[in-house]
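# Fold and contact review
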Amino acid sequence: MNQETLHIASAELLAKMKQLKEVEKMDYLRSLTGMDWGTPEENDTQETMRGLGVVYHLESTSTGKRICVKTSTLDREHPHLPSVCHLWKGAELPEREVYDFFGIIFTGHPDMRRLFLREDWVGFPFRKDNNPEAENPLRMTNEETIDTTYIYKEEANGTLSRTERKLFEDDEYVINIGPQHPATHGVLRFRASLVGEEINKIDVHCGYIHRGIEKMNESLTYPQTLALTDRLDYLSAMQSRHALCMCIEQAMGVEVSDRVKVIRTIMDELQRIDSHILFFACLCQDMGATTAFLYGFRDREKILDILEETCGGRLIINYNTIGGVQADLHPNFVKRVKELIPYLRKNIQEYHDIFTGNIIAQQRLKGTGVLSREDAIAFGATGGTGRASGWACDVRKRLPYAAYDRVDFKEIVYTEGDCFARYMVRLDEIEQSLRIIEQLIDNIPEGSIQEKMKPIIRLPEGSWYTAVESSRGEFGVYLESRGDKSPYRLHYRSTGLPLVAVVDSLTRGAKIADLIAIGGTLDYIVPDIDR
Amino acid sequence: MEVTKKPKIKSIPYEEFKDNETLEQLVKQLNEGGTNVVVGVLDDLIDWGRSNSLWPLTFATSCCGIEFMAVCAARYDIARFGFEITRNSPRQADVILVSGTITHKMAPVLRRLYEQMADPKYVIAVGGCAVSGGPFRKSYHVVQGVDEILPVDVYIPGCPPRPEAFLYGMMQLQRKVKVEKFFGGVNKTKKEGKEEQA
Ligand code: SF4
């Protein structure tokens, strides 16, 4: 266990959480994980967690203090826990996720619907005693959209009662955007209620690319689980895999060599540049600037070539391994990276010349979709989005890992919080990434690229949380092990889920056309949201 | 009239393509049906036009979609083959490139998109996920290959397929279009199950 953990009984949860939030100023909910710890057994000690429960990871943005809270309920028939989404707005979607996967009802939650699976899905797939395939054949009927939701309340005698809440009134003008829409960047679906041209409210539907990765992990061995991280957020493939490797290494007590640390850092930064260039290209394309799209992809190919030479893959790279990296650097690597740096510097300037200063771009981006710093923290919107709102949330600075503690780079923070700030953060970060690479590329230490590992990797009992700064925010891995060769639970903190959670509040009162700019600059990747 | 169609792709000899047997079988079936001379010539002309302007639907659910974007961009440039006009509306598209994982929730939506496309229409399964479920074969929420829900014309394996593989798959589709009979059916009865392996 790598941080202070509190076990709180479900009855006291609300009061304790309130105290943590208000007295200890734990204003950032890093991660919320549903758990099935099974039914109580004879040889359980006081410490053993049982039942269905939730793990919260909290952090204070003012003091930097971190804490982990666990709670659970033994009731498997009608499990319920109090909702914390009035304390942290960012808990709303993850609580719906937990309801969807484990069937835990959160009392007081304003919108207790399934998040990913279809409404007519039978059972809760993440419960250890559930076999989702058995009851859920492929349904080819169109899913019906329901306009109502329920709020649950615990009565004095311990039973649950529910009241209905309408999402959209009958006379509201609701249009459907997605799931197959070019501006949603993947298969995300919005239902937007409009007043004339202005957006009144947006209801987000996820799950069109829910691949059940976390559930699959529970039957894979540790080296096998690595392969799926690349496919979550494929533009942060390096970093996500890095996070999982670090988490497993930490659990095993393995320290990787300096060479591996530096290589991983350089690779992470190359990936970040790749992602930010793609962000630029796609945003421009969405806003009608096709030339800029071609420019972006032209430069991205240069990075992919470098990655391919060493790792063998262009997009899905499969490079990090537990205790090292897959292959040593290609002899051309250093030379080509050094050529890349001045090339990109020149071309980033070109991006600014053709797009940033463009009057149409400026008018569409400036002042639209403003996210305040408080909201960014409350929702947990990290990455470029948080930093554009003035929240210095970079994990590379907060909790330096790999070789980030020995390089000098600036954390880009803007305060406007609008689309333009989000756009500028990412373009400026490319320059910082180049600086990091520049400092490291000439002194990659010698050493082995792979620590010796046992043929079968088993982790000791316990739970761990590690985070890295992926291309679009804090990517966290929560791993719980029972000493087997596959994880008991492996949960990923999605970088994109908080970003879609803010869409509703960002678009209130905005024009429908602004949705494109807002969605584009939030820069989420849908498979990472749905996992 | 005997149809002796051997679809031509510029600069690549017929023999270098894999899985020519499927095409030959198609031609054989056409011959059994018999063709009128005038219609046959018109067919060729129309197929030539169709095969060089296949408009894909922009449909991407995950990783493979990013590679599709790379294929559309400057370096691989699908415009060389006449595929560059990606359509956002299924009603204007000729071919759907299913790039990415198809989940249970997405399956009915995909089916509806396909039904909205106008005939003649084609399906390419791009990447391991669309071919067979790929890395997510064991998942409870992933369709084990789009051929469970759509008739697939060409399969492009890979995770993700390289851009060159995309182009090869598209050329295979062109070849298929070239041997088809446009008047009277587009081999519609054959549009079921596995047909061609790229
Ligand atoms: S085949 Fe591989 S790259 Fe393509 S969508 Fe599936 S996991 Fe992603």
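Rules used throughout
Residues numbered from 1 in each chain as written. Chains lettered and ligands numbered in written order. Predicted model: local features only at pLDDT ≥ 70, side-chain atom pairs only at ≥ 80, totals over all residues. Heavy atoms only, no water. Axes fitted to C-alpha atoms, helices over the stretch in contact; angles between N-to-C directions. Helix = DSSP H or I, 4+ residues; strand = E, 2+ residues; numbered from the N terminus. Parallel < 35°, antiparallel > 145°, perpendicular 65-115°, else oblique. Contact = heavy atoms within 4.5 Å. Nonpolar A, V, L, I, M, F, W, Y, C, P; charged D, E, K, R; others polar. Domains from an automatic or database assignment. Buried area = accessible area lost by both parts, 1.4 Å probe. Salt bridge = Lys/Arg side-chain N within 4 Å of Asp/Glu carboxyl O. Buried < 20%, exposed > 50% of the residue type's maximum accessible area, 1.4 Å probe, protein only. Patch = residues over 30% accessible without salt bridge, like charges linked within 9 Å, V, L, I, M, F, W, Y side chains within 5 Å. Areas by Shrake-Rupley, 256 points an atom, 1.4 Å probe, with all protein chains shown as cover.

Once that is clear, we can look at the packing of helix H8 (residues 290-311) of chain A against helix H3 (residues 63-72) of chain B. Closest axis-to-axis distance for the H8(A)/H3(B) pair is 10 Å, and the angle between their directions is 110°. On the basis of the axis angle, H8(A) is roughly perpendicular to H3(B). Across the interface between the two elements, Phe293(A), Phe297(A), Arg300(A) and Glu301(A) from H8(A) touch Ile66(B), Met69(B) and Ala70(B) from H3(B). In terms of residue class, the contact of H8(A) with H3(B) is built from five nonpolar, no polar and two charged.

All names here are of chain A. One can read the domain layout of chain A as domain 1 (1-134) and domain 2 (213-443 + 457-530). Between the C-alpha centres of domain 1 and domain 2 there is a distance of 27 Å. With 36 residues of domain 1 in contact, the opposing surface of domain 2 contributes 31 residues. Summing both sides of the interface, domain 1 and domain 2 together bury roughly 2800 Å²; the carbon and sulfur share of this comes to 52%. There are four salt bridges connecting domain 1 and domain 2. One salt bridge connects Lys 128 with Glu 218, and the closest N-O pair in it is separated by 3.1 Å.

This part is about helix H17 (residues 514-522) of chain A. One turn of the α-helix equals 3.6 residues, which is why residues spaced by three or four share an orientation. Residues and elements named next belong to chain A. Summarising burial for H17: nine of the nine residues are buried, a large majority. Residues Asp 514, Leu 515, Ile 516, Ala 517, Ile 518, Gly 519, Gly 520, Thr 521 and Leu 522 constitute the buried set of H17. Two residues or fewer past H17, Asp 523 is found with a positive phi of approximately 60°.

What follows covers a nonpolar patch on the surface. Together, Leu42(B), Leu45(B) and Trp48(B) line one region of the surface with nonpolar side chains, adding up to about 350 Å² of accessible area. On the accessibility criterion, Leu45(B) (54% relative accessible area) is exposed.

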